[in-house]
4 protein chains.
Amino acid sequence: MNSNSFGTAFCLTTFGESHGAAIGGVIDGCPAGVLLDKSLIERELSRRKPGQDNTMSARKEPDEVEFLSGLFEGKTTGTPIAFLIRNKDAKTSDYENIKNVFRPSHADFTYQMKYGIRDYAGGGRGSARTLLPCVVAGAIAKQILATQDIEIQSNVIQIGEEREKDTVGAIVQGTIKNVPVGLGEPAFQKFNAVLAHAMMTINAAKGFEIGEGFNAASMRGSECNDEFIFDGERIRTKTNHSGGVQGGITNGEDVVFRVAFKPIPSVMFPQQTVDIQGNATTLEIQGRHDVCVVPRVLPMVEAMAAMVTLDFILLKKCNKI
Amino acid sequence: MNSNSFGTAFCLTTFGESHGAAIGGVIDGCPAGVLLDKSLIERELSRRKPGQDNTMSARKEPDEVEFLSGLFEGKTTGTPIAFLIRNKDAKTSDYENIKNVFRPSHADFTYQMKYGIRDYAGGGRGSARTLLPCVVAGAIAKQILATQDIEIQSNVIQIGEEREKDTVGAIVQGTIKNVPVGLGEPAFQKFNAVLAHAMMTINAAKGFEIGEGFNAASMRGSECNDEFIFDGERIRTKTNHSGGVQGGITNGEDVVFRVAFKPIPSVMFPQQTVDIQGNATTLEIQGRHDVCVVPRVLPMVEAMAAMVTLDFILLKKCNKI
Amino acid sequence: MNSNSFGTAFCLTTFGESHGAAIGGVIDGCPAGVLLDKSLIERELSRRKPGQDNTMSARKEPDEVEFLSGLFEGKTTGTPIAFLIRNKDAKTSDYENIKNVFRPSHADFTYQMKYGIRDYAGGGRGSARTLLPCVVAGAIAKQILATQDIEIQSNVIQIGEEREKDTVGAIVQGTIKNVPVGLGEPAFQKFNAVLAHAMMTINAAKGFEIGEGFNAASMRGSECNDEFIFDGERIRTKTNHSGGVQGGITNGEDVVFRVAFKPIPSVMFPQQTVDIQGNATTLEIQGRHDVCVVPRVLPMVEAMAAMVTLDFILLKKCNKI
Amino acid sequence: MNSNSFGTAFCLTTFGESHGAAIGGVIDGCPAGVLLDKSLIERELSRRKPGQDNTMSARKEPDEVEFLSGLFEGKTTGTPIAFLIRNKDAKTSDYENIKNVFRPSHADFTYQMKYGIRDYAGGGRGSARTLLPCVVAGAIAKQILATQDIEIQSNVIQIGEEREKDTVGAIVQGTIKNVPVGLGEPAFQKFNAVLAHAMMTINAAKGFEIGEGFNAASMRGSECNDEFIFDGERIRTKTNHSGGVQGGITNGEDVVFRVAFKPIPSVMFPQQTVDIQGNATTLEIQGRHDVCVVPRVLPMVEAMAAMVTLDFILLKKCNKI
């Protein structure tokens, strides 16, 4: 089942709760012989660090990553790369008030119902902090993709107007540039399907679209089709309504996709909810929280896109003997 | 890798090309001892049959399903259920004109580039006809879900206006009713992520959203949060902006999602494209094709949703000893 | 879970019961562009055909394989290769006497207990006939391996003396020749571990060993170690006590392994057993059955070895970018 | 691919090299709500500790396990249980002499050839020390099995006579007691096949057998069959030649199996070998090494058996709706 693993050839397993001893991951299948630049990994992590602008919470997380295995003299060895990030600023006592109360639109209720037990501190396994290991693995994937001239970008294309004590949603656009033709597998491992899967695992993601996306539903075939042309060097498409994927397989154009994020549920207003016995209660979330997933979510979107792309590059090697 | 398999505990493997000998599937992990009603399977298949309204192509496909294994005296035995549907109306010669020419926004180009070979007749493995085995497996999943009072529905909520020779897109909404609390697994097998994955494997799907979806990006937290209440029997949410999933796990409310479909690329106009050598050419697609994926796609959306739901119901059994 | 699938990059899913409509398989991940010689597949199947010598049962099984997908103009296309073999000579009525009685050391009892239902005719899913799809997939794997000069052989190194009405066991030795260095993956996908797994899935297999095997337990390190030498061309070992695998990874020497098979449990004597209610009863197995798994099992041993080898050749491509 | 993961429902991923920063593991799918007794985990680890008798090396490994996630107030939460063991006594400089030289019958050569790079210190990923995380996961599995009255035992049934500077092999027998009927899945996930796979992943394992094993090859069916009887309470077998598994599925009798281990290759004699360029050289392995895998391997055999058994108990829950 491995619900905490993602990827086939390049596979990340993550672990950890927001306020436990540590969060971390194990990368199985990272190609051997790659010299890793750890400063690039730290750079990705620091993009996610709080306190960078005024939409983010003030909790201090140094987020130092320690590598435990799979590297030798700075190079990958082909064996699992394990790493961890200690949770230094974790005070479980801060969360006594949500021990028996379900925060609206958080994972408290569903985890409690599913398992009959939950680590409530900081949201436990449901916290967005548990996505950090993806940023680390994505940063490694990016470095390997860079050796193939493949680049991942993301930018915010819509964001709500910040309001007092409330939170806002956003839409992020991702672009994978210089994608080789032929990534993605038929039927159930289509590039777009796995990319959708990857993006929808990010906390607060509520929608995914590729190319024209939902807009395509309002188009006619004659408008939406991408005409093939020969540019003197290779076959390309004149337009890119498809977003770089046709029949589930990349066609060599930029992969362009968007992810919709709901507002973070931790608003600063008192909210009506129930406790674990079903009694009505009023909850006021303590501390300072993020107003919007942006910009923290940008490195996450890029990380997941990088892992998906690298995975398919490795899998493609098996298409021919 | 198993790119032609979907599901973990209830796992469907599909095979077949549009104009090969047959298409079909193997279901591994269907619970034992379930009495199957084959007429319900046929009913799902007939919902997908062409010629039901004037938006669909006229090709006659009887689509009779033959079961080969896994059933004994009408009941599932726990061993693999294999089935096939013969391709009776298949004339490869009809497709000589696309043998060396890439139809715009079809899978012709990407399959050719990926594998260096393709079965071009009727689109081969890329044809929407290859989704039929999902409808069969979904019909079986639906029957098992019905024993738990779980019901899957779908309806068209947006469709383009039909035009002469052109094709149109659509948006389909799916609803899973009476979902148990606790389906979905943490991290990478979130219910919404696997559902997105499932839906994006359907041909022509370009977008997926759950609950408020892309609309959530324009909302504030105070508007989008779902307050918990106790209805006298169980804890529920007052609203369902989340679409039945919180923290990746179902909360017992209806799962509500939407899938955007692009217009079918087979327009009846002459189109500019290139051949396999990159030479510019004009292509006029022959025969009568569907104008829109709707209504054929409705049983597909329901089938994939049924498989995902049943799979998670089985997986949930492993959460406790 | 996919308990009816074997392999990672080259993955076979099998289905079918001994006396159902058909048995068959789906190969997912066969490399594209390989021209298959169907006569070689039939030759492997015919090696397994009954009536070849006097140790085998007289049931006539034509075992004609029909390919349904994944081939185009004789070549593999990279999409799933599905095939089936109809069960033509199947009379369920012959097995009325074992409907409610458990044959000693067969799978009747365990299947009934596990699933609460079983297809009893001919042993159902537990019949050795259900291994035939492995022979087909193995024959395809062998052809692909042959393009790399890799050859699989097997021979009987021990067999019991045939006795009136009784059955006998045997030991089969397999050899994989010209294996590339570097097949197998660290930790849990060691070449020897996956090979053991593969061999132990064959009906009646009770033991597996590689290289010196059980004999190694009686050796000293100074006797059992394989000294490295340079043969002018490449590094090799002077001896091959390891059986071609060191640290779970092939070292370029022949892979040599042995599989022990118990006597077929269908003896022609009356046997004491119980029925489904636990009542003591005497069972006399009808018809003519095989005396020994040999020689039918030879193509099975080779087929599984071929699939394992090809799978690891494909997986090795992912070790480096 | 996940070659460093083992198990389906209860899945362990391991990482680490002998002389890296740490070794450890992540358990995904451990049932929720189980109170773990850490002293039992430490007891299993201490059984493997060196210096317990005079067949073992003198390296001091405190082997303290630190849990990082998945536990809350001493109970499992259903989320991944990550743990690590620091390599405190690791001096890479001790291994300079094997940096460019291949130790006979170790994994040095095969890792170097496969990946083009290797962490040579202490054997790196190929060291038996990397099996420790299995002991931890096995100790957890054992505790959960104990709640179902299932017990795992192992004992040495053959061991070579210790000699000056040389090493010896051994045979270990394992027994799983009070196994429920119905564990194991048809076709490729037979209980015996997965158990063989598990055992053959242990360093130095060269053979596996179940029940009569290789001895069955010399038996007649009338001797080897296990007659069914009713013992007043349930259906059992009069004998247990099958070793508790029939048709790949447990029949409720004790599972009895044996694993053959070769002598540890680190003999104290000078040995002939080659260096990385193929030049002949003499190698004298430094330090004090184990003479035999026994008794260190006993907790490993039990751990793997425990993981396999628990995994199949969880998977069996999915057999029926």
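Residues numbered from 1 in each chain as written. Chains lettered and ligands numbered in written order. Predicted model: local features only at pLDDT ≥ 70, side-chain atom pairs only at ≥ 80, totals over all residues. Heavy atoms only, no water.

### Here's the deal with the overall build of chain A
Then, number 1: From N to C terminus, chain A includes six helices and 17 strands.
Then, number 2: Computed over C-alpha atoms, the radius of gyration of chain A comes to 21 Å, within 12% of the 20 Å expected from 2.2 N^0.38 for 321 residues, which places it in the range of a compact globule.
Then, number 3: Overall, the C-alpha framework of chain A stretches about 65 × 55 × 35 Å when taken along its three principal axes.
Then, number 4: Expressed as a percentage of its 321 residues, the buried residues of chain A come to 69%.
Then, number 5: Relative to all contacts within chain A whose residues are 6 or more apart in sequence, the contacts with residues 24 or more apart total 68%. (Helix = DSSP H or I, 4+ residues; strand = E, 2+ residues; numbered from the N terminus. Rg over C-alpha atoms; globule rule 2.2 N^0.38 Å. Buried < 20%, exposed > 50% of the residue type's maximum accessible area, 1.4 Å probe, protein only. Contact = heavy atoms within 4.5 Å.)

### Brief notes about the relation of the copies chain C and chain A
Then, number 1: After a rotation of 180 degrees and a shift along the axis of 0.0 Å, chain C superposes on chain A with an RMSD of 0.0 Å. Taken together, the rotation and translation relating the two chain copies correspond to the operation of a two-fold axis. Of the C-alpha atoms belonging to chain C, the one lying closest to the rotation axis is found on C:Lys317, 3.1 Å away.
Then, number 2: Residue by residue, 100% of the interface of chain C is reproduced at the interface of chain A, so both copies engage with the same surface. (Least-squares fit on C-alpha atoms with pLDDT ≥ 70 in both.)

### A word on the packing of helix H1 (residues 38-47) of chain D against helix H3 (residues 132-146) of chain D
Residue and element names in this part refer to chain D.
Then, number 1: Put simply, H1 and H3 touch, their axes get as near as 9 Å, and they point 140 degrees apart. By the criterion of interaxial angle, the relationship of H1 to H3 is oblique. The chirality of how H1 crosses H3 is right-handed. Seen from H1, the contacting residues are Leu40, Ile41, Glu44, Leu45 and Arg47; seen from H3, they are Leu132, Val135, Val136, Ala139, Ile140, Lys142 and Gln143. (Axes fitted to C-alpha atoms, helices over the stretch in contact; angles between N-to-C directions. Parallel < 35°, antiparallel > 145°, perpendicular 65-115°, else oblique. Left-handed = near helix turned anticlockwise from the far one by under 90°.)

### Points about the side chain of C:Asn87
Residue and element names in this part refer to chain C.
Then, number 1: Mapped onto the elements, Asn87 comes out in the loop between strand S7 (81-86) and helix H2 (108-115).
Then, number 2: Within the structure, the side chain of Asn87 is placed 3.0 Å from the backbone oxygen of Glu17, a separation counted as a polar contact.
Then, number 3: Excluding residues that lie within four positions of it along the chain, Asn87 makes contacts with Glu17, Ser18, His19, Gly20, Ala21, Ala22, Ile23 and Arg129. (Polar contact = N/O pair within 3.5 Å; in protein donor to acceptor, adjacent residues only side chain to side chain.)

### Observations regarding the environment of D:Pro270
All names here are of chain D.
Then, number 1: Along the chain, Pro270 turns up in strand S16 (residues 270-274).
Then, number 2: On the basis of relative accessible area, Pro270 is assigned to the partly exposed category, the value being 49%.
Then, number 3: Measuring from C-alpha to C-alpha, the distance between Pro270 and Ala21 comes to 31 Å, with 249 residues separating the pair along the chain.
Then, number 4: When sequence neighbours within four positions are dropped, the list of residues in contact with Pro270 reads Thr282, Leu283 and Glu284.

### Things to note about the sheet that holds strand S10 (residues 205-210) of chain A
Then, number 1: Pairing within the open sheet is antiparallel, and its eight strands lie in the order S8(A)-S9(A)-S15(A)-S10(A)-S10(B)-S15(B)-S9(B)-S8(B). The open sheet has two free edges, formed respectively by strand S8 (151-159) of chain A together with strand S8 (151-159) of chain B, since each of these has just one partner strand. Along the sheet, successive strands turn relative to each other by an average axial angle of 20 degrees, direction set aside.
Then, number 2: Taken together, the five bridges between S10(A) and strand S15 (residues 255-261) of chain A define a ladder with antiparallel strand orientation. Within S15(A), the position partnered with A:Gly207 by the bridge is A:Ala260.
Then, number 3: Across the sheet, helix H6 (residues 297-316) of chain B touches S8, strand S9 (170-177) and strand S15 (255-261) of chain B, and the angle it forms with S8(B) is around 140 degrees. (Pairing = 2+ DSSP bridges.)

### What to know about the relation of the copies chain A and chain B
Then, number 1: Note on the copies: chain A fits chain B at an RMSD of 0.0 Å, the axial shift is 0.0 Å, and the rotation between them is 180 degrees.
Then, number 2: In this assembly, 100% of the residues forming the interface of chain A have copies in chain B that are likewise at the interface, indicating an isologous arrangement.

### Re the interface of chain A and chain B
Then, number 1: Opposite the 102 residues of chain A that make contact, chain B presents 102 residues.
Then, number 2: Interface area, chain A with chain B, both sides summed: about 8000 Å², of which 63% is carbon and sulfur.
Then, number 3: Counting the contacts that link chain A with chain B gives four salt bridges.
Then, number 4: For the pair chain A and chain B, the number of links is 42 residue pairs in polar contact (both at pLDDT 80 or more).
Then, number 5: Looking at the side of chain A that touches chain B residue by residue, the class counts come to 48 nonpolar, 37 polar and 17 charged.
Then, number 6: Here S10(A) runs beside strand S10 (residues 205-210) of chain B; their pairing, made up of three bridges, is antiparallel. Residue pairing across strands places A:Glu209 opposite B:Gly207, the latter belonging to S10(B). (Buried area = accessible area lost by both parts, 1.4 Å probe. Salt bridge = Lys/Arg side-chain N within 4 Å of Asp/Glu carboxyl O. Nonpolar A, V, L, I, M, F, W, Y, C, P; charged D, E, K, R; others polar.)

### Quick notes on the interface of chain C and chain A
Interface size is commonly expressed as the accessible area that is lost once the parts come together.
Then, number 1: On the chain A side, the residues contacting the 14 residues of chain C number 14 residues.
Then, number 2: The junction of chain C with chain A conceals about 1300 Å² of combined surface from both sides, 73% of it contributed by carbon and sulfur atoms.
Then, number 3: A per-residue breakdown of the area chain C buries against chain A is headed by C:Lys317, C:Cys318 and C:Ile321, which together make up 48% of the total.
Then, number 4: On inspection of chain C and its partner chain A, the count reaches four residue pairs in polar contact (both at pLDDT 80 or more).
Then, number 5: Sort the elements by how many residues they give to the side of chain C that touches chain A and helix H6 (residues 297-316) of chain C lands first, with three residues.
Then, number 6: Taken together, the residues of the side of chain C that touches chain A sort by class into ten nonpolar, two polar and two charged.

### Here we look at the sheet that holds strand S10 (residues 205-210) of chain D
Then, number 1: Overall, antiparallel pairing links the eight strands, which are arranged S8(C)-S9(C)-S15(C)-S10(C)-S10(D)-S15(D)-S9(D)-S8(D) in an open sheet. The sheet terminates laterally at strand S8 (151-159) of chain C together with strand S8 (151-159) of chain D, the two strands that pair on one side only. Strand-to-strand twist in this sheet, taken as the mean axis angle between neighbours without regard to direction, amounts to 20 degrees.
Then, number 2: Both S8(D) and strand S9 (residues 170-177) of chain D contribute to a ladder of eight bridges, which runs antiparallel. Directly across from D:Asn155, in S9(D), lies its bridge partner D:Gln173.

### Here we look at the confidence of the model for chain A
Then, number 1: Scored by pLDDT, chain A has a mean of 93; 95% of the residues are at 70 or more.
Then, number 2: Listed scores for the predicted complex are pTM 0.97 and ipTM 0.97. (pLDDT = per-residue confidence, 0-100.)

### Some words on the pattern of salt bridges
Then, number 1: If you walk through the whole model with that rule in mind, you get 64 salt bridges over all chains.
Then, number 2: In this structure, the salt-bridge partner of B:Glu64 is B:Lys88, at a minimum N-O distance of 3.7 Å. Pair noted here: B:Glu64 is in the loop between helix H1 (38-47) and strand S4 (65-67) and B:Lys88 is in the loop between strand S7 (81-86) and helix H2 (108-115), with a separation of 24 residues, a long-range link. Like B:Lys88, B:Glu64 is exposed.
Then, number 3: Connected through shared salt-bridge partners, A:Glu44, A:Arg47, A:Lys142 and A:Glu302 make up one network.

### Digging into the nonpolar core
When a protein is soluble and globular, its nonpolar side chains tend to lie buried together.
Then, number 1: Judged by nonpolar contacts, the single largest core of 304 residues is most densely connected at A:Phe257, B:Phe257, C:Phe257 and D:Phe257.
Then, number 2: Among residues more than four places away in sequence, those in contact with B:Phe257 are B:Val172, B:Gln173, B:Gly174, B:Thr175, B:Ile176, B:Leu195, B:Met199, B:Phe208, B:Glu209, B:Ile210, B:Val301 and B:Ala305. (Core = buried A, V, L, I, M, F, W, Y, C linked by side-chain atoms within 4.5 Å.)

### As for the pairing of strand S15 (residues 255-261) of chain D
All names here are of chain D.
Then, number 1: A large share of S15 lies buried, amounting to seven of its seven residues.
Then, number 2: Here S15 shows two buried faces, one formed by Val255, Phe257, Val259 and Phe261 and the other by Val256, Arg258 and Ala260.
Then, number 3: When S9 meets S15, the two strands line up antiparallel, connected through seven bridges. For Val172, the partnering residue across the bridge sits in S15 and is Val259.

### Structural notes on unusual backbone geometry
Then, number 1: Cis geometry is found at the peptide bond from A:Val294 to A:Pro295, where omega equals 5 degrees.
Then, number 2: In this structure, C:Lys165 is a non-glycine residue whose phi angle is positive, near 65 degrees.
Then, number 3: Following the sequence through the fold, C:Lys165 ends up in the loop between S8 and strand S9 (170-177).

### Focus: the pairing of strand S3 (residues 22-28) of chain D
All names here are of chain D.
Then, number 1: Counting buried positions along S3 yields seven of seven residues, so the element is predominantly enclosed.
Then, number 2: Taking every second residue as pointing to the same face, both faces of S3 are buried, with Ala22, Gly24, Val26 and Asp28 on one and Ile23, Gly25 and Ile27 on the other.
Then, number 3: Examined bridge by bridge, strand S2 (residues 11-15) and S3 share five bridges and lie antiparallel to one another. Each residue of the ladder has a partner; that of Thr14, found in S3, is Gly25.
Then, number 4: The turn linking S2 back onto S3 is made up of six residues, and Gly16 within it adopts a positive phi angle of 115 degrees.
Then, number 5: Where S3 and strand S7 (residues 81-86) come together, six bridges link them in antiparallel fashion. Bridge pairing links Ile27 to Ile81 in S7.

### What about the environment of D:Val136?
Residue and element names in this part refer to chain D.
Then, number 1: One can find Val136 in helix H3.
Then, number 2: What makes Val136 buried here is its relative accessible area of 0%.
Then, number 3: Once the C-alpha coordinates of Val136 and Met1 are considered, the two residues, 135 residues apart in sequence, prove to be 23 Å apart.
Then, number 4: In contact with Val136, other than residues within four places in its own chain, are Ile41, Leu45, Val65, Phe67, Phe83 and Ile85.

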